[in-house]
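Spelled out, the chains give:
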Amino acid sequence: MTATLAAPDISAMQQGAVRRIAGKRWAAFGFPAVILAYMVYVFFAFDVPGLAERARMDNAAVLVADTYSYKTHVTRDNRNGGMRIAVEGENKGLYPEGKTPDWVELTGPESAVVDLPEGHRVSIDGPNTRFDVPGYGTIAITAARSGIDLQVPGQDVPDWINASNARVTITTDAGRVIVTKARTEVFRYSLGWELFWFGLDSPYHGQGLGQILFGDRIDPERGNLAGAWQDFWTNPMWRHADVAWAIGETILMAFLGTMGAAIVALPLAFLAAKRFAPLAATRFAVRRVFDFVRGVDALIWTVVLARAFGPGPMTGALAILVTDTGTFGKIFSEALENVDEKQIEGINSTGANPIQRYRFGVIPQVMPVLLSQVLYFLESNTRSATVIGAITGGGIGLMLTQAIQTQKDWEEVSYYIVLVIAMVMLMDWFSGWLRGRLIGRRG
Amino acid sequence: MQGMTDMTDVSLGGGGTTADIQSAYMEMTHRKRMYGGILLVVFVALMASGFVVADGRNAGGFWNGITNVFDFPSEVVAEAAENGANIPGLMVNYLPSLIETLNIAAASTLIGALAAILLSLLSTRGLARWPRLTGLFRRMMDISRAVPEIVIALVLIFVLGGGPVPAMIAIAIHTAGALGKLFSEVNENASLKPVEGLESVGATWGQRMVLGVIPQVAPNYLSYALLRFEINIRASAILGFVGSGGIGYDLKNAFSWGQGRYDEVAAIFILLFLTIVAVDQISSHYRNRLTGSH
């Protein structure tokens, strides 16, 4: 470059620089603007404004309330007579004969007095129900075949009472009373998860931990600890044994699928790696198989395999196995391509046969990569196994979707969610620990 | 090699004979082999018993099923071949659903990535706005990463009704956790000098992050986000299957109609396969460009 050329060069450079800065300035505003425009498009494409109408906030309220509280139903059958007290109105939460919560007093075969919080009191006597509401008065309801008769202290029916000829619903903070021709029901809400430890038919229900651990034998047939464990494990409401099995199944799916995929992918990866498969056609074919298996989504594999194997953990494990074989094959063959030749030559120079060459020259080099990938996938597949289980029908994913689809057992849903999060975090920790033990910490 | 080990060992141990060293070495090798053997036995036992248990709890056994694996695909292929002329038309019909699935994936990746940027900056030592709370933000990422998308999606479907929004929120939450972890690893390698320089001229925390950190880490962020987009397309297809719109929902319907409509199943399979392969290729091309240049 000569001095005479330097002057125009500088101005050209300056122009270039100005242009580039201007371009960057545009990009600085353009990039967020494009994102914003896209979000606006999505906002309308997904009909978010219409969502407010479709959203069921009452469902949300039920969901939230159910996760931290439960209700006990006191029911009188208005058609055939008879009283019944049951947690959540379910058969498995039914109070056995002669056992009542301390806020219910059965005064006869057809009558009961139910104490609700804050001085509210409901007395049921056959078809007649009286509800004392402090600060308001006594509401009298009579259920007859012709219809429901409601008498309130004042002139007008307040808006917390919903009355028609067929049904009267009284909603207060202390509890709820519903009277129809079929039945009279009183709901009392309590905090917590009902009957989490023991079912109502268990003698250990209502006993303290100290009583069970150190007290006298509660059930003369069994030791306290063994009996309590047995009743807890077979709890009809929460089915702890089934839940434990389901979690085990989910982990099993992830384990079998991941390890199976690694075992299938390793020999295939040799066929796809340039260094070990001299035949280009084999390489090409195996690689396309990997691409195909990866490209067909796990969803499709799950659906196809479910047809052949039916619902269950084996199907889930095979779906994970097939999907991950493609991914592992790709990763493994890349690791094999990057193997250092010197180590193999060294082994070769000692007169090793081909198997020994692989065993001592290749495997030690790729093992850390392989193991760390496999363990990483083991953790992420635990999460996938939950989802796949929901589709194929196995493991905790199935229990979770079933509990959600009944749309009332939200306490069980939240219990399962906590368990799933704990399971995934445990697997995360475990795979990290194992990786640390097997191939040493990173860095 | 043998000679070299001998020399180093002799100089370290001082006075040991070669025979001693050899026997010590052989003992160590034996022990290592034994541990390896035990591990292998445990592993094989776990695999075998796991297989037996899973086989027993499956509705159809493994050995019965393995012979039927190709029944269903061949049925689909046969029907698709019969109605081959319909398939391009059906694929066009399903295009809007595919676009919805892609939109769910893209929107959730965007929202999740933005949340992940914030969470990762807040939980990286040296960059955090509130250094005492880094642990809290880390736990938040851990938890949102651990929740499977399907859980949040199903609960939200109950509240918000079906449609793409529950799936989008569910995937975004998981994305925030998953990307947040990767982003904070990237942040840890970012140079603090620009941040300190900006701080010395009185820049606020937001300015320090946007002007000092983001330009350094943006290529890595983008590359991880692209990879996540790929994963999220698959997730969004799966969530459609359990009732939140998109191509997965159509696939489920086409299935429940059963035989005679398998040309629709085939059309959806092809569409989904082509999309995934295309996105895979495009994203790996751009990822190589983003991270390969330096």
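(A) Broad picture of the interface of chain A and chain B. Contact with chain A, which involves 60 residues of that partner, is made by 61 residues of chain B. Across the interface of chain A and chain B, roughly 5500 Å² is buried in total on both sides, 77% from carbon and sulfur atoms. Contact with chain B buries area across many residues of chain A, yet Phe46(A), Phe309(A) and Met314(A) alone supply 13% of it, more than any other trio. Connecting chain A to chain B are three salt bridges. Linking Glu249(A) and Arg57(B) is a salt bridge whose minimum nitrogen-to-oxygen distance equals 2.3 Å. Taken together, the links from chain A to chain B amount to eleven residue pairs in polar contact (both at pLDDT 80 or more). Here the element with the most residues in the side of chain A that touches chain B is helix H13 (residues 410-439) of chain A; it accounts for nine residues. Residues belonging to the side of chain A that touches chain B are distributed by class as follows: 42 nonpolar, nine polar and nine charged.

(B) Representation of unusual backbone geometry within the structure. Residues and elements named next belong to chain A. Phi at Asp 47 takes a positive value of approximately 55 degrees, unusual for a residue other than glycine. With respect to the secondary-structure elements, Asp 47 resides in the loop between helix H1 (3-45) and helix H2 (48-54). Since its relative accessible area comes to 37%, Asp 47 is described here as partly exposed. Even without a glycine there, the phi angle at Glu 118 is positive, about 60 degrees. Its location among the elements puts Glu 118 in the loop between strand S4 (111-115) and strand S5 (121-125). We classify Glu 118 as exposed; its relative accessible area is 62%.

(C) Structural detail: the confidence of the model for chain B. All names here are of chain B. Here chain B shows a mean pLDDT of 85. Residues at 70 or above account for 94%. When the elements of chain B are averaged for pLDDT, helix H1 (residues 2-13) gives the smallest value, 46, and helix H6 (residues 95-122) the largest, 93. Taken as a whole, residues 1-11 scores under 50 in pLDDT and shows six contacts with residues more than four places along the chain or in a different chain.

(D) The arrangement of the side chain of Arg294(A) in detail. Mapped onto the elements, Arg294(A) comes out in helix H7 (residues 280-295). Of note is the side chain of Arg294(A), whose polar atom sits 2.9 Å from the side chain of Asp291(A). Arg294(A) has contacts with Thr323(A), Gly326(A), Thr327(A), Lys330(A), Arg234(B), Ile276(B) and Asp280(B), leaving out every residue within four places of it along the chain.

(E) Local environment of the packing of helix H3 (residues 57-68) of chain A against helix H8 (residues 149-160) of chain B. For the pair H3(A) and H8(B), the least separation of the axes is 7 Å and the interaxial angle reads 135 degrees. With respect to H8(B), the element H3(A) is oriented oblique. The residues of H8(B) that touch H3(A), namely those facing Asn59(A), Ala60(A) and Leu63(A), are Val155(B), Phe158(B) and Val159(B).

About the thresholds
Residues numbered from 1 in each chain as written. Chains lettered and ligands numbered in written order. Predicted model: local features only at pLDDT ≥ 70, side-chain atom pairs only at ≥ 80, totals over all residues. Heavy atoms only, no water. Contact = heavy atoms within 4.5 Å. Buried area = accessible area lost by both parts, 1.4 Å probe. Salt bridge = Lys/Arg side-chain N within 4 Å of Asp/Glu carboxyl O. Polar contact = N/O pair within 3.5 Å; in protein donor to acceptor, adjacent residues only side chain to side chain. Helix = DSSP H or I, 4+ residues; strand = E, 2+ residues; numbered from the N terminus. Nonpolar A, V, L, I, M, F, W, Y, C, P; charged D, E, K, R; others polar. Buried < 20%, exposed > 50% of the residue type's maximum accessible area, 1.4 Å probe, protein only. pLDDT = per-residue confidence, 0-100. Axes fitted to C-alpha atoms, helices over the stretch in contact; angles between N-to-C directions. Parallel < 35°, antiparallel > 145°, perpendicular 65-115°, else oblique.

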